Amino acid sequence: MKRRRYIPYIFAIAGAAVYLSLIFNDNVWLDEAFSASIIRCDLFEMAQRTFADTLPPFYNFSAWLFTHIFGFSTPILKLYSVLPMFILMLIAAHFIPEISSERAACLYIAFLTAMPHFLEHGTEIRMYSWAVLFASTTAIAALCLMKGIPHAGIILTAGTVLGAYTHQYALIAEAFVWLMLLIFAIRQKQAILWLRSAAICVALYIPCAVLTVFQMKSATSYFSASAPSLDNLAASFRYPFVTDLTPVSALLLCFFLILLAYACTKKQAAAAYYMLICPAVVLMSFGIMAGTGSTFFSSRYLLPSQGILWLGAALSLDLMLSENRYVMAVAAPLITACLVLIYIKMYGTEYVDMTEFRSFIGSTDEDDGYVMYEDFPEIEICLGYYAPWLKKYSIEDIKDVSGDKYVFVNGTVHTDEVGEIKNKNFDISYIGDLTFDRYTFKAYELTEGADR
């Protein structure tokens, strides 16, 4: 029995190794470049830009501190995003055996590694992995509290407050967990204790709530969400199960629905409830958008509730395996297929060959400038991370640059503008197609032509 107790920790180490294998690169995309550029600032400017954003402050402040201790680089920033996934696996390895079994802990750790979107957002230079950690820790602590495990209330409060300071949708997922606890507290005649604990969380959240109101009033953002529609609603419901291979995605969704039905028939209320939080968040978000005419929801906001969803699935699958161990003959290949598909995609994205791009950036200096043609400022924002010394100019003002002058084109939609540059007294020479992360763009060098 003692040997079995250590198996979840072995799973946690293996899961962390999978995540770590994806961080040793310098590839970032738009959102990562945006966050990393804020974190690189000095403390005062970082705080200013954080408070002007629409998200809570925990991630930027903690990542700023982390990079000032361990150094600023892309792998270090990605390591900081892997850290909460590893911490969550360790929490699962320690506490889930006390509320269920070692097997349930191993299943949850496997889900955290293999299920869609966790590897992507668990290595991304953003706050989502931390939101998953705090929301899922809150859910685990709630089960521990219901089982009477010591110190569960402290962990519950800490997870709730930190999640609220990380992302609004972590707070929403946690609110559903607290609703379950309220029902439990009423049945156990402990409603006063629940109110006292909830009041502490509310009091600790007030500074962040005030900041959020200020941010929403003053923020200007490049972010735009899709309008609520039946297609988008269905896509959001499917989001936790989407891999790159439709048959595997369909099998995963069917398997999840079987686990949900099993939890319901076996009256595993907590497991079933946790599996339903994610779709409840979707319905709530689309209902608010439809009622207010606003658009604010993106499917990636479901990550915190997805961590809870797969916790419920792990508990349900563990109970099913207790009755029929041969279910593992279906579960194991499906989990493995998901991991292989997702890992191959992530490896291809993270380890894009950016030799030419890196060489080009290394040849530029602060006297150089560029003109950028793109429909959305993806390359421009990323260049702010890779080459903060480069400045963007209009085609009319680029003549004032004392160093080298460049034109960058993201896609093929601006070929007419590039063709007209010669009419503005410039000659243009093609450098090549430069690539990083998921972006490829055409680079040209401008030289002043003869007067016309």
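Report follows, based on the coordinates. The structure presented is a predicted model; accordingly, all values stated were derived computationally and were not measured. (Residues numbered from 1 in each chain as written. Predicted model: local features only at pLDDT ≥ 70, side-chain atom pairs only at ≥ 80, totals over all residues. Heavy atoms only, no water.)

**Let's talk about the environment of Arg 238**
Stated precisely, the cut-off is as follows: Comment: elements are numbered from the N terminus, with helices defined as DSSP H or I runs of at least four residues and strands as E runs of at least two.
With respect to the helices and strands, the residue Arg 238 is situated in helix α12 (residues 230-238). Residues Arg 238 and Leu 253, 15 residues apart in the sequence, show an inter-C-alpha distance of 7.7 Å.

**Overview of the environment of Pro 8**
Note the threshold: Only protein chains enter the area calculation, which uses a 1.4 Å probe; residues under 20% of their type maximum are buried, those over 50% are exposed, and those in between are partly exposed. The contact criterion used is simple: two residues touch if any of their non-hydrogen atoms lie within 4.5 Å.
Its location among the elements puts Pro 8 in helix α1 (residues 2-20). Judged by its relative accessible area of 0%, Pro 8 falls in the buried class. Excluding residues that lie within four positions of it along the chain, Pro 8 makes contacts with Ala 93, Pro 97, Glu 102, Ala 105, Cys 106 and Ile 109.

**As for the nonpolar core**
One broad rule of soluble globular proteins: the nonpolar side chains tend to lie buried together. Note the following rule: What makes a nonpolar core is a set of buried Ala, Val, Leu, Ile, Met, Phe, Trp, Tyr and Cys residues whose side-chain atoms join them at distances within 4.5 Å.
Judged by nonpolar contacts, the single largest core of 141 residues is most densely connected at Tyr 108, Tyr 274 and Trp 310. At 13 residues, the largest contribution of residues to this core is made by helix α5 (residues 74-99). Counting twelve residues, the second largest nonpolar core, distinct from the first, contains Val 407, Ile 421, Tyr 444 and Leu 446.

**Describing unusual backbone geometry**
The backbone phi angle of His 117 is positive, close to 80°, even though this residue is not glycine. Examined against the element boundaries, His 117 turns out to sit in the loop between α6 (102-114) and α7 (118-122). Looking at His 117, the relative accessible area reads 12%, which means it is buried. Although it is not a glycine, Asp 437 sits at a positive phi angle of roughly 45°. Within the element layout of this structure, Asp 437 appears in the loop between β4 (426-436) and β5 (439-448).

**Comments concerning the pattern of salt bridges**
What counts here: In what follows, salt bridge is the name for a side-chain nitrogen of Lys or Arg lying within 4 Å of a carboxyl oxygen of Asp or Glu.
Throughout the structure, instances matching the rule amount to nine salt bridges. Between Arg 103 and Asp 318 there is a salt bridge whose closest N-O contact spans 2.7 Å. Here the residue Arg 103 occupies a position in helix α6, and Asp 318 occupies one in helix α15 (residues 303-323), the gap between them amounting to 215 residues. Under the relative-accessibility criterion, Arg 103 is labelled partly exposed at 31%. Judged by its relative accessible area of 6%, Asp 318 is buried. A salt bridge links Lys 266 to Glu 323; its shortest N-O distance comes to 3.2 Å. With Lys 266 in the loop between α13 (246-265) and α14 (269-292) and Glu 323 in helix α15, this residue pair connects regions lying 57 residues apart in the sequence.

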